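A structural walkthrough
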Amino acid sequence: MKDNGFTKKIAIVGTGFVGMSFAYALLCDGACDEMVLIDVNKEKALGEAMDLNHGLAFAKNNMKITAGEYSDCADADIVVICAGVSQKPGEDRISLLQRNRAVFESIVAPVLESGFDGIFLVATNPVDIMTRVVHHISGFPSRKVIGSGTTLDTARLRYLLGEYFSVDPKNVHAYVMGEHGDSEMTPWSQALVGTMPIREILAGQPEKYSESALTEISENVTKAAYKIIQAKRATYYGIGLALVRIVKAILGGENSILTVSTKLHGEYGIQDVFAGVPCVLGRDGVSGIMTLQLEDEELAKFQASCNLLDKVWKDSFAEK
Ligand code: NAD
């Protein structure tokens, strides 16, 4: 990280749908002072930098936007990795692992060679395992290697609950935890609208709200990416905004709570696995993990999700 602490610099590796939705949202938000775009397809990165620069006259803040090389990561605060293959219609995230592992081997080493000492933020799927890959290759402290985790799933959940209860999603406090993928789970015992537990709202108005509707909502959250990919090939606006939210929490030293993917050190009875859990995020990355009082069934579901991630990691990566 830079000594002066004044210029906020983000390097984005992978200028596809996700990388560029993030870059565009960053520009609109004015969330950094400098943005470097890196891609194996250099011409694409150049074109994207030109296109964004042509919006600067209308942007909130001035910003230095360039297409660059890995050496440009040296003084970046955050390197955000969005490179790699994405899901085809019907494909799950875990099946991308081997292809994206090769991509990451070609990315993390040159970023480290640049002297980069900031925070890695990973969006590439399967995001929990790819984040563990970056941690493994880089040897960085785990607080500095973060995945987008279930940040987007949590936003999808809050949106759907907001619709169901007719309140602003910002006043819905509920998390999706575990794998960003098919085994993720929602601990309903922890879900609030305003300060009121959702289960109490259900008990108070059984004619209006039901447990089965909540189950349907959490299923729709898990299936959301499949539906969007079927309809328009890829998902990118939601994750672009989620990445901006994470980056702002870090650069602003906010100590905000977001469900990023982080390494568990015994929390929830899980060791070493990277999974989405509510974390305190600030200038040094993850400064704390919230250990929620999950009900037994919820804890079992969360642990099953983490165990699946651990198995995929051990089967596919660790021994090779
Ligand atoms: P995309 O195909 O549009 O873009 C991928 C980019 O990566 C391309 O520009 C490509 O040239 C670049 N790339 C490939 N190999 C590279 C390498 N070795 N070095 C540098 N750049 C390389 O894909 P996308 O739709 O932007 O998706 C990117 C990733 O994000 C996928 O893995 C996708 O599943 C994931 N994703 C994650 C979330 C989330 O919530 N975390 C949401 C949506 C998508």
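Here the structure is shown first, and the text comes after it.
Predicted model only: the values in this text are computed from it and were never measured.

Scanning the protein chain from terminus to terminus reveals nine helices and 14 strands. What you see for the protein chain is a C-alpha radius of gyration of 19 Å, in line with the 20 Å of a compact globule of 320 residues. Each principal axis of the C-alpha atoms in the protein chain carries an extent, and together these give about 60 × 50 × 40 Å. Expressed as a percentage of its 320 residues, the buried residues of the protein chain come to 52%. Sequence separation of at least 24 residues holds for 70% of the intrachain contacts in the protein chain that already meet a minimum separation of 6. Counting every atom, the protein chain has about 14000 Å² of accessible surface; 53% of that belongs to carbon and sulfur. Distance between charge centres in the protein chain, computed from 31 positive and 40 negative side chains, equals 3 Å.

All right, on to the site of the ligand then. Residues in close proximity to the ligand total 26 residues, the closest being Val-18, Asp-39, Val-85, Ala-123 and Ser-148. One nitrogen or oxygen atom from the main chain of Val-18 is found 2.8 Å from an oxygen atom belonging to the ligand. Between an oxygen atom of the ligand and a main-chain N or O atom of Gly-84, the distance comes to 3.3 Å. Protein coverage of the free-state accessible area of the ligand, which is 870 Å², stands at 86%. Elements with a contribution of two residues or more to the shell around the ligand: α1 (17-29) and α3 (97-113). In terms of residue count, α3 provides more of the shell around the ligand than any other element does, four residues in total. Each residue belonging to the shell around the ligand can be placed in one class, and the counts come to 13 nonpolar, twelve polar and one charged. Composition of the shell around the ligand by domain shows at least three residues from each of domain 1 (9-147) and domain 2 (151-314).

Our focus in this paragraph is the packing of α1 against helix α2 (residues 42-53). Packing of α1 against α2 leaves a shortest axis separation of 11 Å and a crossing angle of 25°. In terms of axis orientation, α1 runs roughly parallel to α2. The way α1 lies across α2 gives a crossing that is right-handed. Of α2, the residues touching α1 (which contributes Met-20, Ala-23, Tyr-24 and Leu-27) are Lys-44, Glu-48 and Leu-52.

Enumeration over the complete set of coordinates arrives at nine aromatic pairs. Residues Phe-17 and Tyr-236 carry aromatic rings whose centres are separated by 4.7 Å and whose planes lie at 10° to one another, so their mutual orientation is stacked. Here Tyr-236 lies in the loop between α7 (211-232) and α8 (237-251) and Phe-17 lies in helix α1, a separation of 219 residues in the sequence. An angle of 70° between the planes, with centres 5.1 Å apart, marks the rings of Tyr-164 and Tyr-209 as edge-to-face. Separated by 45 residues along the polypeptide, Tyr-164 in helix α5 (residues 151-165) and Tyr-209 in the loop between α6 (198-204) and α7 bring together distant segments of the chain. Relative accessible area serves as the criterion here: at 9%, Tyr-209 is assigned to the buried category. Above the face of the Phe-140 ring, Lys-144 is positioned so that its terminal group lies 5.0 Å from the ring centre.

Below, the discussion takes up the nonpolar core. One finds Ile-10, Leu-26, Met-35, Val-79, Phe-120 and Phe-302 to be the most contacted residues of the largest nonpolar core, which totals 79 residues. With nine residues, the top contributor of residues to this core is α8. Split by domain, this core shows at least three residues from each of two domains, domain 1 (9-147) and domain 2 (151-314). Setting aside residues no more than four positions away along its own chain, Met-35 makes contact with Ile-10, Ile-12, Ala-23, Leu-26, Leu-27, Leu-52, Met-63, Lys-64, Ile-65 and Thr-66.

As a further point, take the pairing of strand β11 (residues 261-265). Most of β11 sits out of view: four of its five residues are buried. Inspection of the sheet shows β11 paired to strand β12 (residues 271-276) by four bridges, in the antiparallel sense. Looking across to β12, one finds that Lys-263 is bridged to Phe-274. In this structure, the hairpin formed by β11 and β12 is closed by a connection of five residues, where Gly-266 is found at a positive phi of approximately 100°.

How each quantity is defined
- Residues numbered from 1 in each chain as written.
- Predicted model: local features only at pLDDT ≥ 70, side-chain atom pairs only at ≥ 80, totals over all residues.
- Heavy atoms only, no water.
- Helix = DSSP H or I, 4+ residues; strand = E, 2+ residues; numbered from the N terminus.
- Rg over C-alpha atoms; globule rule 2.2 N^0.38 Å.
- Buried < 20%, exposed > 50% of the residue type's maximum accessible area, 1.4 Å probe, protein only.
- Contact = heavy atoms within 4.5 Å.
- Areas by Shrake-Rupley, 256 points an atom, 1.4 Å probe, with all protein chains shown as cover.
- Lys, Arg positive; Asp, Glu negative; His and termini not counted.
- Charge placed at Lys NZ, Arg CZ, Asp CG, Glu CD.
- Near = heavy atom within 4 Å.
- Polar contact = N/O pair within 3.5 Å; in protein donor to acceptor, adjacent residues only side chain to side chain.
- Nonpolar A, V, L, I, M, F, W, Y, C, P; charged D, E, K, R; others polar.
- Domains from an automatic or database assignment.
- Axes fitted to C-alpha atoms, helices over the stretch in contact; angles between N-to-C directions.
- Parallel < 35°, antiparallel > 145°, perpendicular 65-115°, else oblique.
- Left-handed = near helix turned anticlockwise from the far one by under 90°.
- Phe/Tyr/Trp six-rings, centres within 6.5 Å; stacked < 30°, edge-to-face > 60°.
- Lys NZ or Arg CZ within 6 Å of the ring centre and 35° of its normal.
- Core = buried A, V, L, I, M, F, W, Y, C linked by side-chain atoms within 4.5 Å.
- Pairing = 2+ DSSP bridges.

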